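# Notes for the structure review
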Amino acid sequence: MMVMTVERVYTRQVPKSITGSELMFKKSANPMTGEDVLGLLGQIQHREPIGALILDAQIAQDKTARAKLVGALQATLAAMGKGDDLAYAMAEAAVHEVCDTNICHKCHGTGQVYSKKFNQINQCNKCEGVGRIILTEAALLRSITLHLAQPLTKQDWLKRHYDDYMDAVATLHRHASNAGHCARTLLDGIGW
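This section reports on the structure supplied with the text.

This part covers the overall build of the protein chain. In terms of regular secondary structure, the protein chain is built from 7 helices and 2 strands. Listed by position from the N terminus, the elements making up the protein chain come as α-α-α-α-α-β-β-α-α. Looking at the protein chain residue by residue over its 192 residues, the buried ones come to 39%. Restricting the contact set of the protein chain to residue pairs at least 6 apart, pairs at least 24 apart contribute 57%. Of the accessible surface of the protein chain, which amounts to about 11,500 Å², a share of 55% is contributed by carbon and sulfur atoms.

Over its 14 residues, helix H2 (residues 34–47) runs 20 Å from end to end, which matches the ideal 20 Å to within 8%, given 1.5 Å per residue. Within H2, the full set of buried residues consists of Val37, Leu40, Leu41 and Ile44. Seen end-on, H2 carries its buried residues on one side only, within an arc spanning 100°. For H2, the exposed residues set more than 90 degrees away from the buried face come down to Glu35, Leu38 and His46.

Covalent bonding between the sulfur atoms of two cysteines defines a disulfide. Under the definition given, this model contains 0 disulfides. Considering cysteine sulfurs only, cysteine 127 is the nearest to cysteine 107, which forms no disulfide, with 3.7 Å between them. Residue class for cysteine 127 comes out buried when judged on its relative accessible area of 5%.

Turning to the side chain of histidine 161, a few remarks are in order. Relative to the helices and strands, histidine 161 is located in helix H7 (residues 154–189). Those residues in contact with histidine 161 that sit more than four places away from it in its chain are Lys82, Leu86, Met90, Leu152 and Asp156.

As paired elements, strand E1 (residues 112–115) and strand E2 (residues 120–123) share 4 bridges and run antiparallel to each other. Bridging from a neighbouring strand, serine 115 pairs with glutamine 120 of E2. Where E1 folds back on E2, the antiparallel hairpin that results is connected by 4 residues, among which asparagine 119 adopts a positive phi of roughly 55°.

This part covers the environment of cysteine 124. Relative to the helices and strands, cysteine 124 resides in the loop between E2 and helix H6 (137–145). In the structure, cysteine 124 is positioned 11 residues away from valine 113 in sequence and 5.5 Å away in space, judged by C-alpha atoms. Ignoring anything within four residues of it in the chain, the contact list for cysteine 124 reads Cys104, Lys106, Cys107, Gly111, Gln112, Val113 and Gly129.

One non-glycine residue, glutamine 61, lies in positive phi territory at about 55°. In this structure glutamine 61 comes out as partly exposed when scored by relative accessible area, which is 37%. The backbone phi angle of asparagine 119 is positive, close to 55°, even though this residue is not glycine. Counting through the fold element by element, asparagine 119 comes out in the loop between E1 and E2.

The next thing to look at is the pattern of salt bridges. Counted under the stated rule, the structure contains 4 salt bridges. Note that lysine 82 and aspartate 164 form a salt bridge whose closest N and O atoms lie 2.6 Å from each other. Within this pair, whereas lysine 82 is found in the loop between helix H4 (63–79) and helix H5 (84–99), its partner aspartate 164 is found in helix H7, the two being separated by 82 residues in sequence. Residue class for lysine 82 comes out buried when judged on its relative accessible area of 9%. Between aspartate 156 and arginine 160 there is a salt bridge, with its nearest N and O atoms 3.2 Å apart. You can see aspartate 156 and its partner arginine 160 sitting in helix H7, 4 residues apart, about one turn around the helix. Each of the salt bridges in this network shares a partner with another, and the network as a whole consists of Arg66, Glu92 and Asp100.

What counts and what doesn't
- Residues numbered from 1 in each chain as written.
- Predicted model: local features only at pLDDT ≥ 70, side-chain atom pairs only at ≥ 80, totals over all residues.
- Heavy atoms only, no water.
- Helix = DSSP H or I, 4+ residues; strand = E, 2+ residues; numbered from the N terminus.
- Buried < 20%, exposed > 50% of the residue type's maximum accessible area, 1.4 Å probe, protein only.
- Contact = heavy atoms within 4.5 Å.
- Areas by Shrake-Rupley, 256 points an atom, 1.4 Å probe, with all protein chains shown as cover.
- Expected span 1.5 Å × (residues − 1).
- Arc of directions from axis to C-beta.
- Disulfide = S-S within 2.5 Å.
- Pairing = 2+ DSSP bridges.
- Salt bridge = Lys/Arg side-chain N within 4 Å of Asp/Glu carboxyl O.

This is how it looks when you write it as structure tokens:
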């Protein structure tokens, strides 16, 4: 029996997706139909609504889901006392960090590079072995300042806003992880 991954469930809803092809599932004795996928996605959305939006934005590259995440996070940050433009800039940066493709171009997402000189595999020094580009504090501050009429100082950013930004990113990762676990549990429950 073919095991279906969470990524494959989310890409099956995208018409132009190569992995969404029905041919990919003909090998199974009990192929999952489009209605099955939509039903499964509906259950995930019901149980983990924020995480489902994140997975839609992350895996299926759904721009509407991404915009909803930015809007919801902006409203949350604004309720915490951030100005509208700062709340938007922080929300946009957090959603970008979690949802957009930020694969390291040096290691191509593996976190490792081959050294011809030493004939060995080393940890990628560009992404520090993570496989994704992680912005430095300075680069993050620059990306946020682009959206602001009045730029933040590094000291103000670190003292008053950085922890809130990191909390937002951690919360998005937690919701995505919960939705992924929910999807995996549902798939395992139906034998996929």
